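Chains, contacts and geometry: an overview
Residue strings, one per chain:
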Amino acid sequence: MTVEEKLGQLEQFDARASMNDASEPKIYDEKLRLGRVGSFLGLSGASLTRRAQRIAVEQSRLGIPVLFADDVVHGFRTLFPVPLGEAASFDVDAVERAARIAAVEATAYGLHWTYAPMVDIARDPRWGRIVEGSGEDVYLGSAMAAARVRGLQGKDLAANDTMMATAKHFVAYGAAEGGRDYNTVDISQRTLYETYLPPFRAAVEAGVQSVMAAFNEIGGVPMHANHELLTTVLRGQMGFDGVVVSDFHAVHELIDHGVAAGPQEAGLLALRAGVDVEMTSETYLRQLPAAVRDGRLATEVLDQAVRRVLRAKHRLGLFDDPYRYCSESRERVRTLTPLHRQAAREVARKSFVLLKNEGGVLPLSRRLATLAVVGPFADERRNMMGSWAAIGRVEDVVTPLDAIRSAVGAGTRVLHAKGASLKAADPVALAEAERVTREADAVLVFVGEDYDMSGEARSRSSLDLPEAQQALVRALQAIGKPLAVVLFTGRPLTIGWLAQHVSSILLAWYPGTEAGHAIADVIFGDHSPAGRLPVTFPRAVGQVPIYYNHKRTGRPPDAAVEHTSKYLDVSWTPLYPFGHGLSYTSFEYLDLNVSAQKIHPADTVEVRVTLVNTGTRAGDEVVQLYVRDDVASITRPVRQLRGFQRVHLDPDERRTLVFKLGPADLSFYGSDLQPVVEPGTFTVFAGGSSVAPLSVQFEVVGS
Ligand code: BGC
């Protein structure tokens, strides 16, 4: 290979602008013929990808196939809930299935490579990209990361319906100062190891084939120039052997970070740090041939990156059949199938979190004489899809209003009023909403944050519901009819007023294509909600960052003692804690016990707890197990999630659940940053949220 052909393998071109225009890809034809394109971003569709592939394979000197990459984040044509919502299901198998279906659809369109899962831990809801991940917790986030990698990559990467997954954004992107996207990150080594690296490790262990570098710097070193983290830690310590891809234009942005004087230095820094593929900024292809020739870029560094890209193409089976992914017939018959829609409906209803349900307003009877369906989200389509909606189409989406109309009995009149627009008040619409509410026996109010208020570059300094919608709920609440709010959001919101005044709140996130049906399934009680918060809901934005697995401090908060860690103007507690979520039935936890009072550091202890459905309906419960290392040489969190199981019980049914706690669950990084299980007592908590009160202790003895 010539130097230019090698660098071409490392270059990724953005074809998104041309996605809808079959003639546009031609601008890349010459580059393809010259072997200057390693991969495309955003070029999909069986015929377009086949056309480009044919040029690469049949008309270039070496005939190396190209890769087609895109962001397939929570579905492709059939959309599943946004990732934060999926995580709220606490259902690893359901999330794996959703990823599997996304891969089946995307690969039929010729795609080989997705930029998902996003595995960034996010403790700051001001950061809009919190919607793309699994929330604040390392254990849940790691489980979801691995599930998504398994779903996307399947068992055989060379099969025509599996694709390369990408764990992104490496690393600590979610720790941006002030929650402002792309901003500086400055965290301790310990926080990096304990909080931000583990989901990447889980993805690597699940076999992830690609990792994307993050836009941020850490402690003065931008990630795209961070050899220590991209190479020593990711490859050396974690054993990653796939492809590292840059984020969009981020190699060039090393100039903006102020560590490179120009594009050539930027390219050199990135390639030497371990960024194999450059997304869109073309510093490699344009600037590095000269650097190879004058000896500033060692051939071995270049060859190593090229080898990784070629190996990915080999693992995908492209050297055997470069066209195996693009298939017009699969494109037609394997997308948006009834089975895919059914799966999307199931995952969506599993993702809903019943935040509050006083007086049992929910579930609603199907036999109400009149039901008011109000709010700017009631008849929305685009907003049901969330951000990164791939090739999802609004016309595929079932709105809540449509689904409710078809779910109620013939004797029920459904009255609809918008009440407000998404961001602005509308007095005429408000009056109409008040009128239909007065006429109704119950009212469902669909409010939330516009989908485009969370996502990339969507940081907010306020976490309030838009004022017009808040005013709508206040006005309808004052009428005094049974009222339930269905809330759409991609981040925790400060909904203190709702929590205090509204009797029922169902958190729906952005549920995807089958939004309406899934909502109707839960609203009318065919399925009891059981989703749990994967992230803490604060009372006030000033509490952020607020997360359940915080440290104790030397002065834990105590309302009765002045000089303890708290606020003058708001409680230190969250509005809704991590793991919170109610059900239409009730559960009791009994007999929490451990298999041994004392164990050695290398041993595993079994924890058993009995769950009883004490209510009158069948339902799922998410049983959560938390552990606290009571005394350690390094301060430990007040508790840490170490197990969860989503189980279904009929009324009066009871089940004893078994969890295992081994060295991986009990260890932490010691002062030398090596994992250690220290002797001493551990407290185990079990229950339905992170404030579960039931506890039992055991002791680790010996060293
Ligand atoms: C985002 C990535 C995404 C990439 C390609 C970037 O702006 O940060 O998450 O994969 O664009 O679309």
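Summary of the structure given here. Computed from a predicted model, the values in this text were never measured in an experiment.

Taken together, the neighbourhood of the ligand is formed by 13 residues, with Arg16, Asp71, Arg129, His169 and Asp247 sitting nearest. Arg129 is positioned with one of its side-chain polar atoms (N or O) 2.7 Å from an oxygen atom of the ligand. In this structure, His169 approaches the ligand through a side-chain N or O atom, which is 2.7 Å from an oxygen atom. Here the ligand has 310 Å² of accessible area as a free molecule, and 96% of this is covered by the chains. Considered class by class, the residues forming the shell around the ligand number six nonpolar, one polar and six charged.

Turning next to the packing of aromatic side chains. One pass over the structure, following the stated rule, counts 19 aromatic pairs. Plain terms: the ring middles of Phe13 and Tyr28 are 5.8 Å apart, the flat faces sit at 55° to each other, and that makes the pair tilted. Of the two residues, Phe13 is situated in strand β1 (residues 11-14) and Tyr28 in the loop between β1 and α2 (29-33); the sequence distance between them amounts to 15 residues. For Tyr28, a relative accessible area of 11% gives the class buried. Chaining the aromatic ring pairs together yields one cluster made of Phe90, Tyr139, Tyr548, Phe578, Tyr626 and Phe644.

Turning our attention to the sheet that holds strand β3 (residues 67-70). Note on sheets: strands pair through backbone hydrogen bonds, and any given pair is parallel or antiparallel. Here five strands make up an open sheet; going across it, the order is β4-β3-β2-β1-β10 and the pairing parallel. Each end of this open sheet is capped by a strand with a single partner; those strands are β4 (113-114) and β10 (278-279). Of the pairings in the sheet, the one linking β1 to strand β2 (residues 39-41) comprises three bridges and is parallel in character. When the sheet's bridge partners are listed, Phe13 is paired in β2 with Phe40.

Applying the stated rule across the entire model yields 44 salt bridges. The shortest N-O distance in the salt bridge between Asp276 and Arg308 comes to 2.7 Å. Within this pair, whereas Asp276 is found in the loop between α11 (263-273) and β10, its partner Arg308 is found in helix α13 (residues 299-315), the two being separated by 32 residues in sequence. Asp294 is the salt-bridge partner of Arg296, the closest N and O atoms lying 2.8 Å from each other. In this structure Arg296 comes out as partly exposed when scored by relative accessible area, which is 38%. Taken together, the salt bridges that share partners define one network made up of Arg413, Glu432, Arg435 and Glu439.

Turning our eyes to something else, we now look at the environment of Leu254. Mapped onto the elements, Leu254 comes out in helix α10 (residues 254-257). Residue classification places Leu254 among the buried residues on the basis of a relative accessible area of 0%. Between the C-alpha atoms of Leu254 and Thr604, which are 350 residues apart in sequence, the distance is 47 Å. Ignoring sequence-local partners within four residues, the contact set of Leu254 consists of Pro222, His224, Ala225, Val259, Ala260, Ala266, Leu269 and Ala270.

Procedures and definitions
- Residues numbered from 1 in each chain as written.
- Predicted model: local features only at pLDDT ≥ 70, side-chain atom pairs only at ≥ 80, totals over all residues.
- Heavy atoms only, no water.
- Near = heavy atom within 4 Å.
- Polar contact = N/O pair within 3.5 Å; in protein donor to acceptor, adjacent residues only side chain to side chain.
- Areas by Shrake-Rupley, 256 points an atom, 1.4 Å probe, with all protein chains shown as cover.
- Nonpolar A, V, L, I, M, F, W, Y, C, P; charged D, E, K, R; others polar.
- Phe/Tyr/Trp six-rings, centres within 6.5 Å; stacked < 30°, edge-to-face > 60°.
- Helix = DSSP H or I, 4+ residues; strand = E, 2+ residues; numbered from the N terminus.
- Buried < 20%, exposed > 50% of the residue type's maximum accessible area, 1.4 Å probe, protein only.
- Pairing = 2+ DSSP bridges.
- Salt bridge = Lys/Arg side-chain N within 4 Å of Asp/Glu carboxyl O.
- Contact = heavy atoms within 4.5 Å.

It is worth stressing that arrangement in space is one thing and function is another; only the former is reported here.
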